[in-house]
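A look at the structure
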Amino acid sequence: MLFAMIALSVVLIVVLTAVFKVHPFLSLLAGAFFVGITSGMPLLTVVENVNEGFGGLMKGIGLVIVAGTIIGVILEKSGAAFRMAEVVLRLIGEKRPQLAMSLIGYIVSIPVFCDSGFIILSSLKKALAKRAKVTIASMAVALSTGLYATHTLVPPTPGPIAAAGNIGAEGFLGTIILMGLLVAIPAVIVGYLWAVRVGSKITVPEDVEDTNFDYDEIVKSFGEMPSTFKAFLPIGLPIVLIGVGSVAKLTMAESGFRNFLLFLGSPTVALLLGVLAAFLLLPKWNEETLTKWIGEGLKEAAPILLITGAGGAFGKVISNSGVADLISEMNFDALAGGALFLLIPFFIAVALKTAQGSSTAALVITSTLVAPLLPAMGVEGAIPLALVVMAVGAGAMTVSHVNDSFFWVVTEFSGMKVTDAYKSHTMATLLQGVTTIIVAMIVWMVLV
């Protein structure tokens, strides 16, 4: 009966979000109270668990999400995201434009939301398509799939951070970042190949129209862009610091220097130093940049924080409802210790993503649901937990269709028909998700 109540709570969340268009924050809270009350938990204990779950998750990753969002806004508004794209384009060369767009998306979406990244780079994509004489649709799919891979797999994007926090892996963010960067590569390759194979056969009106998208003019329109070093520093610095902290934790004996490295490598400090590095990108230090730009970052962070916190509340109620005891008594010999376990979070995330559209919500809810399973399955430690996040992320990218805002951003900014977007973008995200879960399972068999 308890499992039935939890399943009904998930159905309730999906129906409220997808059918009645209720914000995921309220839907998750409704699910938390539903599970708590129907499981027989004392009413005051339900409230206590909701509060503890919300606050506990914010304590671990709240500032990390805020800092990551601020970095993304500054990269977007200062032209640094465009500078990164331009550098990648120079390195790859204009003879392989789709590959360049895939790699640009892979890098830009680590700090910048995939929706925003696609909009920022839309003019570059069209100008390069004209110059290289390839279809806009092929460039659009290459960019969208590159953005999508790191958006669902690599912190400091909020979704993977939230998933890590929900399963108790916020202390292993360095491993999760490294694993995400590696696992995302096959997903990007699959997206690129699909873009070339299918996107090249799709024609949009701008392919045959005489438009004013000139590459050099597009670059000039951004004015004086920041240097390459300054553009990459806000992303690179936190990743390096978190990585150094992770290595120090594993290899160094207790000392003052080790504690200093652990301090710098803690996700909160590393991301806040990334914010300071992003200040070097500000064209001027005035109210417009220091107040309005930062304020915009805080506004973008607010709904993510609320969804993540509500997911923490949902998870706390589930874990204290008695389900953990039931799970511990069940026989998981067929899955325990094996890569097949990763299919559980994958298929849950696939169902949630396909039903309600939001990858972030799918990451939050799925990680909340599978968290009680992990101790019973013996899933612990940096690499196993990182691969659980990868499995959830793989499901959260499967698939992007009409109930996903990113689907419409790709469709509208590329000029594709909805049917063509299904053939190209939606099918590409399906292949990306399947590829990612296969790669995660292979890595599990090799390293775990």
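Above this text you will find the structure in question.
Numbers given for residues are sequential positions, taken from 1 along each chain in its written order. At least 70 in pLDDT is required for a residue's local features to be given in this predicted model, at least 80 for side-chain atom pairs to be given and counted, and no such filter applies to totals for whole chains, interfaces and linings, which use all residues. Side-chain numbers here rest on the full set of heavy atoms in the structure, without hydrogens or water.

Grouping buried Ala, Val, Leu, Ile, Met, Phe, Trp, Tyr and Cys residues that are joined through side-chain atoms within 4.5 Å yields what is termed a nonpolar core. For each residue, the accessible area found with a 1.4 Å probe, counting protein chains only, is set against the maximum for its type, and the residue is called buried under 20%, exposed over 50%, and partly exposed in between. If you look at the biggest cluster of nonpolar residues, it comprises 143 residues, and the most contacted ones within it are Leu-121, Phe-314, Leu-342, Val-388 and Met-390. Looking at this core, the element that brings in the most residues is helix α3 (residues 43-78), giving 13 residues. In this description a helix means any DSSP run of H or I spanning at least four residues, a strand means any run of E spanning at least two, and both kinds are numbered starting from the N terminus.

Attention now moves to helix α1 (residues 2-19). Multiplying one less than the number of residues by 1.5 Å gives the expected span of a helix. Its 18 residues place the ends of α1 25 Å apart at the C-alpha level, agreeing with the 26 Å of an ideal helix rising 1.5 Å per residue. Listed in full, the buried residues belonging to α1 are Leu-2, Met-5, Ile-6, Ser-9, Val-10, Ile-13, Val-14, Leu-16 and Thr-17. Downstream of α1 by a residue or two, Lys-21 has a phi angle that is positive, lying close to 60°.

With an omega of 10°, the peptide bond running from Pro-155 to Pro-156 counts as cis. Residues Thr-398 and Val-399 are joined by a peptide bond in cis, for which omega reads -5°. Mapped onto the elements of the fold, Val-399 is located in the loop between α21 (382-396) and α22 (405-414). In this structure, Lys-21 takes a positive phi of about 60° despite not being glycine. Along the chain, the position of Lys-21 falls in the loop between α1 and α2 (24-38). For Lys-21, a relative accessible area of 65% puts it in the exposed group.

Attention now moves to the packing of helix α14 (residues 256-265) against helix α15 (residues 267-278). For helices, the axis comes from a line fit to the C-alpha atoms of the stretch in contact; other axes are also lines fit to C-alpha atoms, and the angle between any two N-to-C directions lies between 0 and 180 degrees. Two elements in contact, α14 and α15, have axes separated by 5 Å at closest approach and are oriented at 60°. In this structure, α14 contributes Phe-263, Leu-264 and Gly-265 to the contact, and α15 contributes Pro-267, Val-269, Ala-270 and Leu-273. We call two residues in contact when some of their heavy atoms are within 4.5 Å.

Another point: the environment of Leu-343. Looking at where Leu-343 falls in the secondary structure, it is placed in helix α18 (residues 343-356). Judged by relative accessible area, which is 26%, Leu-343 ranks as partly exposed. Along the primary structure Leu-343 and Glu-94 are separated by 249 residues, whereas in three dimensions their C-alpha atoms are 39 Å apart. Residues contacting Leu-343, with those up to four places away along its chain left out, are Ile-437 and Met-441.

Before going further, it helps to examine the pattern of salt bridges. Definition used for salt bridges: Asp or Glu carboxyl oxygen within 4 Å of a side-chain nitrogen of Lys or Arg. Following the criterion strictly, the structure yields eight salt bridges and no others. Of the charged contacts, one joins Arg-83 and Glu-86 as a salt bridge, the two residues approaching to 2.7 Å between their closest N and O atoms. Of this pair, Arg-83 and Glu-86 both sit in helix α4 (residues 80-92), separated by three residues, roughly a single helical turn. In terms of burial, Arg-83 and Glu-86 fall into one category: buried. Measuring nitrogen to oxygen at the nearest pair gives 4.0 Å for the salt bridge that ties Lys-423 to Asp-420. One end of the pair is Lys-423 and the other is Asp-420, both in helix α23 (residues 418-447) and three residues apart, which spans about a single turn. Residue Lys-423 is classed as partly exposed on the basis of its relative accessible area, which comes to 48%.

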